[in-house]
Amino acid sequence: GSGVIISAEGYIVTNYHVVEDATTITVRLSNGTEFAAFLVGFDEQSDIAVLWIDAEKYPLTVATLGASFDLVVGEDILAIGNPMGSLGGTVTEGMISATARRISVGGNVMTLLQISAPVNPGNSGGALVNTEGKLIGINSSKLVSESVEGMGFAIPSNTVVEICKKIIEKENSPEPYIGITLSEKYTAEVLEFYGYPKGAVVLSVYNGSPAYQAGLSKGDIITEFSGKEITDYKALE
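For every chain, the first residue of the written sequence is number 1, and numbering continues from 1 along that sequence. Reporting in this predicted model follows two pLDDT cut-offs: at least 70 for local features of residues, and 80 or more for side-chain atom pairs to be given and counted; totals over whole chains, interfaces and linings ignore these cut-offs and use all residues. Heavy atoms from the whole structure form the basis of all side-chain values; hydrogens and water molecules are not counted.

Asker: Describe the pattern of salt bridges, and please don't skip the residues or the numbers.
Answerer: A side chain of one charge can pair with a side chain of the opposite charge if their charged atoms are brought near each other. We define a salt bridge as a side-chain nitrogen of Lys or Arg found within 4 Å of a carboxyl oxygen belonging to Asp or Glu. Going through the model one piece at a time under the given rule, you end up with three salt bridges. One salt bridge in this structure joins lysine 134 and glutamate 132, with 3.7 Å as the shortest N-O distance. Glutamate 162 is paired through a salt bridge with lysine 166; the nearest N and O atoms lie 3.6 Å apart. With a gap of four residues between them, glutamate 162 and lysine 166 both fall in helix H2 (residues 157-171), about one helical turn apart. The helix count covers DSSP runs of H or I at least four residues long, the strand count covers runs of E at least two residues long, and both are numbered beginning at the N terminus.

Right under this line is the structure:
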């Protein structure tokens, strides 16, 4: 996958689906330098994830943000990424085909930029920039079909900034947290029907979180927390 450095402190934005099933994450800069990365947090619905690398002694090149709400159809753009997972730094050109295309991605309805620049597997999480080199979006997905060509999509930069800010602020909050997301599908009644114990079903675990350190994994069922019986996900909200 691909990613974009958004702060000198080491924060990097990518797509959630790029790191969704990762057990370890490594960030490789354009010059080949590698860092172990930590998953700060994510927003599954918007397909945004924020990573962090400890690069305090390393000068990072931070992306310059642009405004996605100023974009117009026909505007020239460039997509940067790591297509096929081995061609890092690849740049393709195209234009804005639509500024607010509502499509369903993985069951989530998203409002995305539609672009004509070629994007391929590995481009996900990469930068979409205007002709001034300013970040106007994060490349997210592509319609794949024998009858479809030149139809890519990107998350608008204004949405990216808003989501990343929330994720980073939550991480830096002094409030305690568990570090998991829970499945709303598995209610007490559903679990009972399938013969599982009642509890909160873990959908994902944040890397480095207290839950991660405690050994929780996707699919685990939490039946008790701090001496309190847990019957479904609502009990842990």
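Okay, back to it.
Asker: Explain the sheet that holds strand S5 (residues 48-53) to me, using residue names and the numbers behind them.
Answerer: Pairs of strands are assigned from DSSP output, requiring at least two bridges between the strands. Pairing is antiparallel in the open sheet, where five strands are placed in the order S1-S2-S5-S4-S3. Each edge of the sheet is formed by a strand with only one pairing partner; in this case those strands are strand S1 (4-5) and strand S3 (25-28). Looking at chain direction, strand S2 (residues 11-15) and S5 are connected through five bridges and run antiparallel. Paired with valine 13 across the two strands is valine 50, which belongs to S5.

Asker: Which residues make up the pairing of strand S11 (residues 152-156), and what values do they have?
Answerer: Between buried and exposed lies partly exposed: a residue is buried under 20% and exposed over 50% of the maximum accessible area for its type, with that area taken using a 1.4 Å probe on protein chains only. The buried count for S11 comes to five of five residues, which makes it a mostly enclosed element. The sheet contact formed by strand S8 (residues 108-115) and S11 spans three bridges and is antiparallel. The residue of S11 that forms the bridge with glutamine 114 is phenylalanine 153.

Asker: Can you explain the sheet that holds strand S12 (residues 180-182)? Please cite residues and give values.
Answerer: Within a sheet, neighbouring strands are paired by backbone hydrogen bonds and run either parallel or antiparallel to one another. On the basis of which strands lie adjacent, the open sheet formed by three strands has the order S12-S13-S14 and antiparallel pairing. Whereas interior strands pair on both sides, the edge strands pair on one side only; in this sheet they are S12 and strand S14 (221-222). Bridge count between S12 and strand S13 (residues 200-205): three bridges; the pairing is antiparallel. Across the sheet, isoleucine 180 pairs through a bridge with valine 205, a residue of S13.

Asker: Go over the nonpolar core with me, naming the residues and quoting the values.
Answerer: Counting 20 residues, the largest nonpolar core has Val13, Ile48, Val50 and Val160 as its most contacted members. Sorting the residues of this core by element identifies S2, S5, S8, strand S9 (127-130), strand S10 (135-142), S11 and H2 as the ones contributing at least two each. Looking at which element gives the most residues to this core, the answer is H2, with five residues. Should any heavy atoms of two residues lie within 4.5 Å, those residues are counted as being in contact. Not counting the four nearest positions on each side in its chain, isoleucine 48 is found in contact with Val13, Thr14, Tyr16, Phe42, Asp43, Ile155, Val160, Ile163, Cys164 and Ile167. Definition used in this section: a nonpolar core is a set of buried Ala, Val, Leu, Ile, Met, Phe, Trp, Tyr and Cys residues joined via side-chain atoms within 4.5 Å. The next biggest cluster of nonpolar side chains, apart from the first, holds 17 residues, and it includes Ala37, Leu51, Ile53 and Tyr206.

Asker: Requested: an account of the packing of aromatic side chains, with residues and values cited.
Answerer: Two measures describe an aromatic ring pair: the distance that separates the ring centres and the angle between the ring planes. Aromatic pairs are defined between Phe, Tyr and Trp rings, using the six-membered ring for Trp, whenever the two ring centres lie within 6.5 Å; interplanar angles under 30 degrees are classed as stacked, those over 60 as edge-to-face, and all others as tilted. If you walk through the whole model with that rule in mind, you get four aromatic pairs. Consider the rings of tyrosine 16 and phenylalanine 42, whose centres lie 4.4 Å apart with planes at 20°: the pair is stacked. Of this pair, tyrosine 16 sits in helix H1 (residues 16-19) while phenylalanine 42 sits in strand S4 (residues 34-43), and the two are 26 residues apart along the sequence. Each member of the pair, tyrosine 16 as well as phenylalanine 42, carries the same accessibility label: buried. With centroids separated by 6.1 Å and ring planes inclined at 35°, the aromatic side chains of phenylalanine 38 and tryptophan 52 adopt a geometry described as tilted. Linking phenylalanine 38 in strand S4 with tryptophan 52 in strand S5, this pair joins segments that are 14 residues apart in sequence.

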